[in-house]
Amino acid sequence: MQRIKHDLRLSETVSPFGVGAIVDIRGESLIAPDTSWWDKRFAPEIHCERLVERLGPSTLREAPAHSGRAGKDTLGLLYWRFPTWRFCERCSRLSQKTGKNKGKWTNKCSCDGSLVPMRYVAVCEKGSHLQDIPWFMWTHRGHDAGVTESVRFCRAYKELRFVRSAKHGEGLKSLRVECGGCKRSKPLSDLVTKDALARDGIRCKGVQPWQDPIPGNACDHKLFAVQRGATGNYIAERISALDIPEERPRSAAAADAIRGHMFFEKVVADNGGPQSEMVAEWIASELGVSAEEVLSVAAGGNEPNDDILLDLKDGEWAAFLKKLETSGRDLSEGDFVVDSWTVGSHQGVPPALAARLTAVGQVRRVREVRALKGFRRYSADAEMIRADLSIDGKRKPDLPAIEMYGEGIFLQFDEEFLSEWENRPEVQARAGILVNRRSETPWAHRLDVPEPRYVALHTIAHLLIRRLAYASGYSSASLQERIYAHADRPDRTAGILVYTAAGDAQGTLGGLVRLADPDKLVPLLLAALDDADVCSNDPVCIESDKQGASSLNLSACHGCSLVSETSCETANRFLDRQLVLGGSNVPGLLDGVLEEVRSAGAV
């Protein structure tokens, strides 16, 4: 079949039109096959050691691309037509055939009418499979009185039509599939009833649209009819990493030093006895650590663990801390350049804010690599489909990836103040609402634990993104967040990174770095807090503790805190204004900052 050329941005091959996603272009509906269909000769490899270590043995590849106009022999990325069933907007004929014009394939019917893809497809409940609805079979099945012998044995395959009949009412009842041979007519409202496809004997084939069905490999899960463009049809599993010089977390470096001490074996041999405590004191005094850390390592704690040592955020946090050690201009070269300044050293910063915010990093240049691991369909607890379905993909898959360059603002918060604040019973009780809901939601275990510091810093990042969209020159959807807020790590983290990354020059225009100057960032932060102080949906919003998907937000809505889902790590979940600004009996992390500034007449 002759291939038809369309244009996509390179970044869209990872998100939102990556492997397994349905793409609507110029009236046509297409789907992206897995990377085993890519021509690897023209798919350049992207290098990011930190990300590959996290993913395991794999190869990151950029989709085949070109600049300029696409010609007949121009290399590109293969997409399959899906759904194959389409109807003619002129004669309403429903078929899987593609029209021809002077020997060339076109998306037109023989009557010269445009072919429109059917709006419903079939999705597997648990297996993340996707397939066409067999419209001829579905039309001639059912348990109503209209299923006669002539209907059951009808063979008028070319006389199926998709029509709208006003005499049957409005909505899906008016949209019907009719057979010109047996005169059978069935409304789409029958398609969306519970177990409709299962009752009609339509089973899951256990494959993706670009795969050939394997005999005996049918899926036992039920099929559901959903709209072609429904959000749940494609739930991507993506992961990104900043390409930075990997820094070892302090706790891991200390554990290695403890294990390498000449007396460490004596601590292990005594197995918690009185001699081990005495020797642990010797080791601790020499290495500058506590005796409890020595005993913990001897008991098996702080063992090398992929989840700790190779955790991307732990390494990034350590790298940022190293950059912030020396204030001033960063004269280093490479793809990770961060200027920094300490908040306490600058006049004009409100004391209440200076007590909470420690340092600011002006990220002049950063490289980010994003990769697509796989996807799910229908629900977030369904089976994940790998981005590479080839035999070699089980051993070392080729994952779609893209590299982007950008800039950002990094904020480091005071750990001592944060720890004292989050240990308050009122704060723990407020965040505990989200912790309990996360544990009760089957798919939410993949999200970060909503500790008080995480919810507060995450909400601050959203407020900052909303304000930066007005002042930076970047749109809100172009800004990303990265939250470093974990109290359960050996090295506690407390910071946020708001950055932009793009595959072109837009990601390094300097709009964010300029706003990270002391005389501009402080007013910007105060303006963001002032915006969130009163929401247009108050008092409903501020008094609410059940908002968002699966009620995973507390006091947060589109009027005050929510941003584009592509900008958020958790798709607009785990947000609460009360943990930032305070409310009822809950003290906020930045509670009192606005009051201090207003009393001084600065706002």
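Look above for the structure.
Computed from a predicted model, the values in this text were never measured in an experiment. (Residues numbered from 1 in each chain as written. Predicted model: local features only at pLDDT ≥ 70, side-chain atom pairs only at ≥ 80, totals over all residues. Heavy atoms only, no water.)

Caption draft 1: Local environment of the sheet that holds strand S12 (residues 160-164). Spatially, the 3 strands line up as an open sheet ordered S12-S13-S14, and their pairing is antiparallel. Whereas interior strands pair on both sides, the edge strands pair on one side only; in this sheet they are S12 and strand S14 (185-187). For this sheet, the mean inter-axis angle between neighbouring strands, taken without regard to orientation, is 25°. (Pairing = 2+ DSSP bridges. Helix = DSSP H or I, 4+ residues; strand = E, 2+ residues; numbered from the N terminus. Axes fitted to C-alpha atoms, helices over the stretch in contact; angles between N-to-C directions.)

Caption draft 2: Local environment of helix H10 (residues 312-324). Between its first and last C-alpha atoms H10 spans 19 Å; for 13 residues at 1.5 Å apiece the expected length is 18 Å, and the two agree. In terms of residue burial, H10 counts as a mostly covered element, since 11 of its 13 residues are buried. Buried residues of H10: Leu312, Lys313, Asp314, Gly315, Glu316, Trp317, Ala318, Ala319, Phe320, Lys323 and Leu324, and no others. (Expected span 1.5 Å × (residues − 1). Buried < 20%, exposed > 50% of the residue type's maximum accessible area, 1.4 Å probe, protein only.)

Caption draft 3: Here's a closer look at the sheet that holds strand S4 (residues 80-81). Taken together, the 3 strands give an open sheet; going across it, the order is S1-S2-S4, and neighbouring strands pair in antiparallel fashion. Each end of this open sheet is capped by a strand with a single partner; those strands are strand S1 (22-25) and S4.

Caption draft 4: Looking closely at helix H13 (residues 425-440). Given a rise of 1.5 Å per residue, 16 residues ought to cover 22 Å, and the 22 Å separating the end C-alpha atoms of H13 matches this to within 8%. For H13, the principal kink sits at Gly432 and spans about 30°. Among the residues of H13, Val427, Arg430, Ala431, Gly432, Leu434, Arg437 and Arg438 are the ones counted as buried. Packed against the buried residues of H13 are helix H12 (415-422), helix H14 (452-471) and helix H18 (578-581). (Bend = angle between axes of the 7 residues up to and from the residue. Contact = heavy atoms within 4.5 Å.)

Caption draft 5: Expanded view of the nonpolar core. In terms of nonpolar packing, the biggest core is built from 61 residues, with Leu411, Leu457 and Leu468 touching the most fellow members. Looking at this core, the element that brings in the most residues is H14, giving 10 residues. Leu411 has contacts with Leu357, Ala359, Val360, Leu464, Ala494, Gly495, Ile496, Leu521 and Leu525, leaving out every residue within four places of it along the chain. Listed in part, the 33 residues of the second largest apolar core include Phe82, Leu130, Ala319 and Phe320. (Core = buried A, V, L, I, M, F, W, Y, C linked by side-chain atoms within 4.5 Å.)

Caption draft 6: Quick look at unusual backbone geometry. Look at the link from Phe82 to Pro83: it is a cis peptide, with omega at -5°. Tracing the backbone shows Pro83 in the loop between S4 and strand S5 (86-88). Cis rather than trans, the peptide bond between Asp538 and Pro539 has omega equal to 5°. The topology assignment puts Pro539 in the loop between helix H16 (518-533) and helix H17 (540-543). Its identity as a non-glycine residue notwithstanding, Ser128 has a phi of 60°, on the positive side. As for its placement among the helices and strands, Ser128 is situated in the loop between strand S10 (120-124) and strand S11 (130-131). You can call Ser128 buried: its relative accessible area is 0%. We note that Tyr378 has phi near 75°; this positive angle belongs to a residue other than glycine.

Caption draft 7: Here's a closer look at the packing of H12 against H14. For the pair H12 and H14, the least separation of the axes is 9 Å and the interaxial angle reads 115°. Contact residues: Glu415, Leu418, Ser419, Trp421 and Glu422 in H12; Pro452, Arg453, Ala456 and Leu457 in H14. Class assignment for the residues of the contact of H12 with H14 results in 5 nonpolar, 1 polar and 3 charged. (Nonpolar A, V, L, I, M, F, W, Y, C, P; charged D, E, K, R; others polar.)

Caption draft 8: Geometry of the packing of aromatic side chains. Tallying each qualifying case throughout the model produces 12 aromatic pairs. Measuring from ring centre to ring centre gives 4.8 Å for Phe87 and Phe162, while their planes differ by 55°; the resulting arrangement is tilted. One end of the pair, Phe87, is in strand S5; the other, Phe162, is in strand S12, with 75 residues separating them in the sequence. Exposure remark for Phe162: the relative accessible area of 10% places this residue in the buried category. Seen in terms of ring centroids, Phe136 and Tyr157 are 4.6 Å apart; in terms of plane orientation they differ by 45°. Their pairing is tilted. Residue Phe136 is found in helix H2 (residues 135-139), and its partner Tyr157 is found in the loop between helix H3 (149-152) and S12; the two are separated by 21 residues along the sequence. What makes Phe136 buried here is its relative accessible area of 12%. Given a relative accessible area of 52%, Tyr157 falls into the exposed group. An aromatic cluster is defined as three or more aromatic residues linked by ring pairs; in this entry it consists of Trp317, Phe320, Phe336, Phe410 and Tyr484. (Phe/Tyr/Trp six-rings, centres within 6.5 Å; stacked < 30°, edge-to-face > 60°.)

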